[in-house]
Number of protein chains: 2
Amino acid sequence: MIVEVISIGDELLIGQTVNTNASWMGTALREIGADMEFGTVIRDEEKVMHDAFSHALNRADVVLVTGGLGPTKDDITKHVLCDFFDTKLVENGDVLSHVKGFFEARGREMLEVNILQAHVPEKATILHNEFGTAPGMWFDQNGKVLVSMPGVPYEMKYLMTEHVIPMLQERFDLDKLYYRTIQTQGIGESYIAERIELIENEVRAAGYALAYLPSPGSVRLRISSRDTKANREAIEAFMKRIEGLMPKHAFGYEQDTLEGVVGALLRERGETVTTIESCTGGAVAARITSISGASDYFNGSFVTYSNEMKTKLVGVDPAILDDENIGAVSQQTVEQMAQGGRERLNATYGVALSGIAGPSGGTETKPVGTVWIAIAGPNGVFSKKCLFESNRERNIRRSVLTALNLLRCEILELNGEKSF
Amino acid sequence: MIVEVISIGDELLIGQTVNTNASWMGTALREIGADMEFGTVIRDEEKVMHDAFSHALNRADVVLVTGGLGPTKDDITKHVLCDFFDTKLVENGDVLSHVKGFFEARGREMLEVNILQAHVPEKATILHNEFGTAPGMWFDQNGKVLVSMPGVPYEMKYLMTEHVIPMLQERFDLDKLYYRTIQTQGIGESYIAERIELIENEVRAAGYALAYLPSPGSVRLRISSRDTKANREAIEAFMKRIEGLMPKHAFGYEQDTLEGVVGALLRERGETVTTIESCTGGAVAARITSISGASDYFNGSFVTYSNEMKTKLVGVDPAILDDENIGAVSQQTVEQMAQGGRERLNATYGVALSGIAGPSGGTETKPVGTVWIAIAGPNGVFSKKCLFESNRERNIRRSVLTALNLLRCEILELNGEKSF
């Protein structure tokens, strides 16, 4: 089964928006063993769209179209589809009541353009869009399938996951692929490769694929094969061996996040955490509370950005902050922050960070990217100095992930005396 | 002049790499008034490439190809190009000595495959690649141009900037394009369309393009035209009129961010801000401190997630929190949070948020997505109740953006008594 993805939108062509939808769809298709073989980006002009649909249906079995569906007048996709499949727009009662409900629930007035969103091509199977007002439309004609979806990423993802993927699996009787992922933090791609070299050779010799998927601060390792019971068991065994080689770094599987893993550990132990953040400015707390139900283990926290607030809010000794050989970015300061915050909020763990996020503010002894992290807990304080990079956004991201992983290791008593 | 960009590579189709090259090229082309009208992603298979080149040269004047050039074995682009343009590979002395020098300078051994990189199609104009070993190749045949470049982003950017862009400008005698963007917050696409309908008609009647680019909590409006002095002035006047119709929502231009705009306002006034966050869990503070130099106007802040912490850290009256008709998600609570935090940290403004981020925790009177926001400042407290949606991540994102925009409006004295 050959799939072409057509992304409609000027914003993609002039570079104002990066086409992350197509990447996401490529991954999602891969997981059901379907190959995206062509990706096409076009503007929302009638003739261009018509030609692209026609060319795509010539070379592919399935054409997935995103974009060009929405309430403003530059949306012409529906009319092109009617013309292309020789059908007409009819009002759909289900879509109309969904659109009405959508606006009522938000206490907002429904406009004429929104009512028009309930007009859909008669020949299409309508796919309910829980998160938006433009439905998906599935056309099945002459043995080929074309699906049109809105370009808003979360609406497209909902439609793909809930409707398109299962419908494609059934329609084309696809072989299922089996995937397992190990999530790691704090170890680079090439260091993982070195550490698991022997296992990696065995994985490949068994005919399985192993992919490294790096992002700043974390690397995912994915093993894949055809979905059989024997393959599942063999892959499970390889995963256990890989994890065993890096317990401090392998923190979870599949879509696990560090904040989710840490949250689950705290909840099952009846423990709580607070954060005392300088360079990350609240980003660790925001990560922890991005999980629904975080109130079970998180009551509150501090951002202590200035030296004055480090003293006023969590009691860091001003003499340390003023000492030019110690200062705010130091082991003493983060340890006092972690302990002070933990005591004041009566939390099981206090996580403190202080560093130089950049791009300016570095010195010879403390270059940009220097970040001290401390975890205060029942077993005392563990602290670690990190040296990240010069980019502010990536420094903050890596600081957040490292702090959460050090907290995980502290809860599991993996930190010990050895350097992390 | 119509341009098609063809990106070659499996990694783009299976979603392992996002196609940022195509976005970058779209922007670069726009700046010289050339429109990328088609973007195509294909795998590096001979027949697929041949078909894609042929199809592209039919519908476009210029075809820019990236990827499929490099020292590894999957590199078949050059052979396809020779076949396609009916020419043969010849050794190029300049390229060979560049490749030799490239390896010498790095103290690395040159392999047989690297020598082959100096073999180039006889009919192509060779474009020197300062940063890599695979040169660019420019074919000009039957009035159309096809350029092949490596897919490594910095090599492609070098070739585009130094060679392809200036060569295209000369070859096609191009006009420059001009475009301006207005950033808005807190108003949906269809509401903007309704509010600016008359101006939008005038914009389109003047022959300019107007595009809506929505994302959760914000919409960008972009007007574009050919780059002439008269068009610049006319677009500037349209922008002022559009802004005048929505002063509370239009917060900036081009790549402006709310945290950047708010930060600049605070700095120029010598004022400071603190945040007291419940449902956003530190995300507003993290946004504010994502800007380098935020320490000029931000000293610290609180996350008061539990009721206990709302009282302990910023002095919210426990009787209000315990009253089942008022509670934590209420006007009274956020106003006390904002004032309490502002006083304790001696900040000019206190920004407080309390709401139900979801997906669970909603009640009949306070459904998921209900968020109260208060801004305490020199003119007293302004507060607003928002009703967002059921998705936790988007609720938090919209809460953060709305709070920052309300702070902006409070600084600029736009909030007044009317509801926002």
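Residues numbered from 1 in each chain as written. Chains lettered and ligands numbered in written order. Predicted model: local features only at pLDDT ≥ 70, side-chain atom pairs only at ≥ 80, totals over all residues. Heavy atoms only, no water.

## Structural notes on the pairing of strand 10 (residues 209-215) of chain A
All names here are of chain A. Condition: Whether two strands pair depends on DSSP finding at least two bridges between them. Labels follow the DSSP assignment, with helices taken as runs of H or I lasting at least four residues and strands as runs of E lasting at least two, numbered in each case from the N terminus.
Direction of pairing for strand 10 relative to strand 11 (residues 218-226): antiparallel, over a ladder of 7 bridges. Its bridge partner lying in strand 11, Ser-215 is registered against Ser-218. Between strand 10 and strand 11, which pair antiparallel one after the other, the connecting turn spans 2 residues, and Gly-217 there sits at a positive phi close to 90°.

## Remarks on the sheet that holds strand 3 (residues 62-66) of chain B
Note the threshold: Between N-to-C directions, angles cover 0 to 180 degrees, with each direction set by a line fitted to C-alpha atoms, over the stretch in contact for helices. Whether two residues are in contact is decided by their heavy atoms, any of which lying within 4.5 Å being enough.
Strands sit in the order 6(A)-7(A)-8(A)-3(A)-1(A)-2(A)-2(B)-1(B)-3(B)-8(B)-7(B)-6(B) across an open sheet of 12 strands; the sheet is mixed. The open sheet is flanked by strand 6 (125-127) of chain A together with strand 6 (125-127) of chain B, the only strands paired with a single partner. The sheet shows a mean angle of 15° between the axes of neighbouring strands, taken without regard to direction. Both strand 3 (residues 62-66) of chain A and strand 8 (residues 144-149) of chain A contribute to a ladder of 5 bridges, which runs parallel. Counterpart to Val-65 of chain A in the pairing with strand 8 of chain A is Ser-148 of chain A. Along the sheet face, helix 3 (residues 46-59) of chain B touches strand 2 (35-42) of chain A together with strand 1 (2-8), strand 2 (35-42), strand 3 and strand 8 (144-149) of chain B and points at about 170° away from the line of strand 1 of chain B.

## Considering the nonpolar core
In plain terms, the rule: In these notes, a set of buried Ala, Val, Leu, Ile, Met, Phe, Trp, Tyr and Cys residues joined through side-chain atoms within 4.5 Å is what counts as a nonpolar core. Burial classes: relative accessible area under 20% of the type maximum marks a residue as buried, over 50% as exposed, and values in between as partly exposed (1.4 Å probe, protein chains only).
Counting 38 residues, the largest nonpolar core has Phe-302 of chain A together with Phe-302 of chain B as the members making the most contacts within it. Among the secondary structure elements, those contributing two or more residues to this core are helix 13 (307-314), helix 15 (331-345) and strand 16 (370-377) of chain A together with helix 13 (307-314), helix 15 (331-345) and strand 16 (370-377) of chain B. Discounting chain neighbours no more than four positions away, the residues touching Phe-302 of chain B are Ser-301, Phe-302 and Leu-313 of chain A together with Thr-275, Ile-276, Glu-277, Leu-313, Val-314, Gly-341 and Leu-345 of chain B.

## Observations concerning a negative patch on the surface
For clarity, the threshold we go by: Here the term patch refers to residues with relative accessible area over 30% and no salt bridge, with like charges joined within 9 Å and nonpolar side chains (Val, Leu, Ile, Met, Phe, Trp, Tyr) within 5 Å. Here the open area of atoms and residues is found with the Shrake-Rupley method and a 1.4 Å probe, where only the protein chains shown may cover a residue. The salt bridge definition used is simple: a Lys or Arg side-chain nitrogen within 4 Å of an Asp or Glu carboxyl oxygen. Residues scored as positive are Lys and Arg, those scored as negative are Asp and Glu, and His as well as the terminal groups of each chain are ignored. Charge placement uses NZ in Lys and CZ in Arg. For Asp and Glu, CG and CD serve respectively.
Judged by side-chain charge, Asp-317, Asp-322, Asp-323 and Glu-324 of chain B come together as a negatively charged surface patch. For Asp-323 of chain B, the position within the fold is in the loop between helix 14 (318-322) and helix 15.

## Comments concerning a nonpolar patch on the surface
On the surface, a nonpolar cluster with roughly 290 Å² of combined accessible area is contributed by Phe-131, Val-152 and Tyr-154 of chain B. As for its position among the elements, Tyr-154 of chain B is in helix 7 (residues 153-172).

## Some points on the environment of Asn-114 of chain A
Residue and element names in this part refer to chain A. Mapped onto the fold, Asn-114 is located in helix 6 (residues 112-116). Classification of Asn-114 by relative accessible area gives buried; the value is 2%. With 254 residues separating them in the primary sequence, Asn-114 and Val-368 have C-alpha atoms 50 Å apart.

## Focus on helix 11 (residues 258-269) of chain B
Residue and element names in this part refer to chain B. We count it as follows: Residue count minus one, scaled by 1.5 Å, sets the expected span of a helix.
Helix length check: helix 11, at 12 residues, gives a terminal C-alpha distance of 17 Å against a target of 16 Å (1.5 Å per residue), a fit within 8%. Of the positions making up helix 11, those classed as buried are Leu-258, Glu-259, Val-261, Val-262, Gly-263, Leu-265 and Leu-266. Residues of helix 11 that are buried in the fold lie against strand 9 (177-185), strand 12 (250-253), strand 13 (273-277), helix 12 (283-288), strand 15 (349-355) and helix 16 (392-411). Looking one or two residues beyond helix 11, the residue adopting positive phi is Gly-270, at roughly 65°.

## Details of the packing of helix 9 (residues 197-205) of chain B against helix 10 (residues 229-245) of chain B
Residue and element names in this part refer to chain B. Condition: What sets the label is the angle itself: under 35 degrees gives roughly parallel, over 145 gives roughly antiparallel, 65 to 115 gives roughly perpendicular, and the rest give oblique. By definition, any crossing whose near helix is turned counterclockwise from its far helix by less than a right angle is left-handed, and any crossing with a clockwise turn is right-handed. Residue type decides the class: Asp, Glu, Lys and Arg count as charged, Ala, Val, Leu, Ile, Met, Phe, Trp, Tyr, Cys and Pro as nonpolar, and the leftover types, Gly among them, as polar.
Taken N-terminus to C-terminus, the directions of helix 9 and helix 10 make an angle of 165°; their axes are 10 Å apart at the nearest point. Judged on the interaxial angle alone, helix 10 and helix 9 are roughly antiparallel. In this structure, the crossing between helix 9 and helix 10 has a hand that is left-handed. Here Ile-199, Glu-202 and Val-203 of helix 9 come into contact with helix 10, specifically with Phe-238, Arg-241, Ile-242 and Leu-245. Partitioned by chemical class, the residues of the contact of helix 9 with helix 10 number 5 nonpolar, no polar and 2 charged.

## Some words on the interface of chain B and chain A
This is how the line gets drawn: Defined here as a combined quantity, buried area equals the accessible surface (1.4 Å probe) lost by two parts on assembly, summed across both.
With 74 residues of chain B in contact, the opposing surface of chain A contributes 72 residues. When the two sides are added together, the surface that chain B and chain A hide from each other amounts to roughly 5700 Å², 54% of it contributed by carbon and sulfur. Our count for the chain B to chain A interface comes out at 2 salt bridges. As a salt-bridge pair, Arg-43 of chain A and Glu-37 of chain B come within 4.0 Å of each other at their nearest N and O atoms.

## Focus: the packing of aromatic side chains
Note the cut-off: In this analysis, rings of Phe, Tyr and Trp, with Trp reduced to its six-membered ring, are considered paired at centre separations within 6.5 Å, and the interplanar angle assigns stacked below 30 degrees, edge-to-face beyond 60, and tilted for intermediate values. Charge over a ring is defined by NZ of Lys or CZ of Arg lying within 6 Å of the ring centre and within 35 degrees of the ring normal.
What the rule picks out here adds up to 17 aromatic pairs over all chains. Taking the centre distance of 5.9 Å and the plane angle of 90° together, the rings of Phe-53 of chain B and Phe-84 of chain B count as edge-to-face. With a gap of 31 residues between them, Phe-53 of chain B in helix 3 and Phe-84 of chain B in helix 4 (residues 77-84) connect regions that are remote in the sequence. Each member of the aromatic cluster is reached from another via a ring pair, and the members are Phe-53, Phe-84, Phe-85 and Phe-139 of chain A. Across the ring face of Tyr-179 of chain B, the terminal group of Arg-30 of chain B is positioned such that the distance to the ring centre comes to 5.1 Å.

## Here's the deal with the pattern of salt bridges
Residue and element names in this part refer to chain A. Applying the stated criterion to the full structure yields 41 salt bridges over all chains. A salt bridge links Lys-229 to Glu-233; the nearest nitrogen and oxygen atoms lie 2.9 Å apart. You can see Lys-229 and its partner Glu-233 sitting in helix 10 (residues 229-245), 4 residues apart, about one turn around the helix. Given a relative accessible area of 63%, Lys-229 falls into the exposed group. A relative accessible area of 48% places Glu-233 in the partly exposed class.

## Quick word on the environment of Leu-159 of chain B
Residues and elements named next belong to chain B. Inspection of the secondary structure puts Leu-159 in helix 7. The class of Leu-159 is buried, set by a relative accessible area of 0%. Sequence separation of Leu-159 and Phe-131 is 28 residues, and the distance between their C-alpha atoms is 9.1 Å.

## Considerations on the side chain of Asn-129 of chain A
Residues and elements named next belong to chain A. Definition in use: Contacts described as polar in this section are N or O atom pairs within 3.5 Å, which, within protein, must combine one atom able to donate a hydrogen with one able to accept it, while residues neighboring in sequence count only if both atoms come from side chains.
As for its placement among the helices and strands, Asn-129 is situated in the loop between strand 6 and strand 7 (136-141). Overall, Asn-129 belongs to the buried group, its relative accessible area being 2%. One polar contact links Asn-129 to Glu-155, side chain to side chain, over a distance of 2.9 Å. Apart from residues no more than four positions distant in its own chain, Asn-129 is found in contact with His-98, Ala-134, Pro-135, Pro-150, Glu-155, Tyr-158 and Leu-159.

## Structural notes on the domain arrangement of chain A
Threshold: The domain limits used here are those given by an automatic or database domain assignment.
Its domain assignment divides chain A into domain 1 (2-172), domain 2 (177-253) and domain 3 (258-411). Spacing between the C-alpha centres of domain 1 of chain A and domain 3 of chain A amounts to 44 Å.

## What about the packing of helix 3 (residues 46-59) of chain A against helix 4 (residues 77-84) of chain A?
Residue and element names in this part refer to chain A. The geometry of helix 3 relative to helix 4 is characterised by a closest axis approach of 10 Å and an angle of 50° between their N-to-C directions. Here helix 3 lies oblique to helix 4, going by the angle between them. When the axes of helix 3 and helix 4 are compared, the crossing they make is right-handed. For the pair helix 3 and helix 4, contact is made by Glu-46, Met-49, His-50, Phe-53, Ser-54 and Leu-57 and by Thr-77, Val-80, Leu-81, Asp-83 and Phe-84, respectively. A breakdown of the residues in the contact of helix 3 with helix 4 according to their chemical character gives 6 nonpolar, 3 polar and 2 charged.

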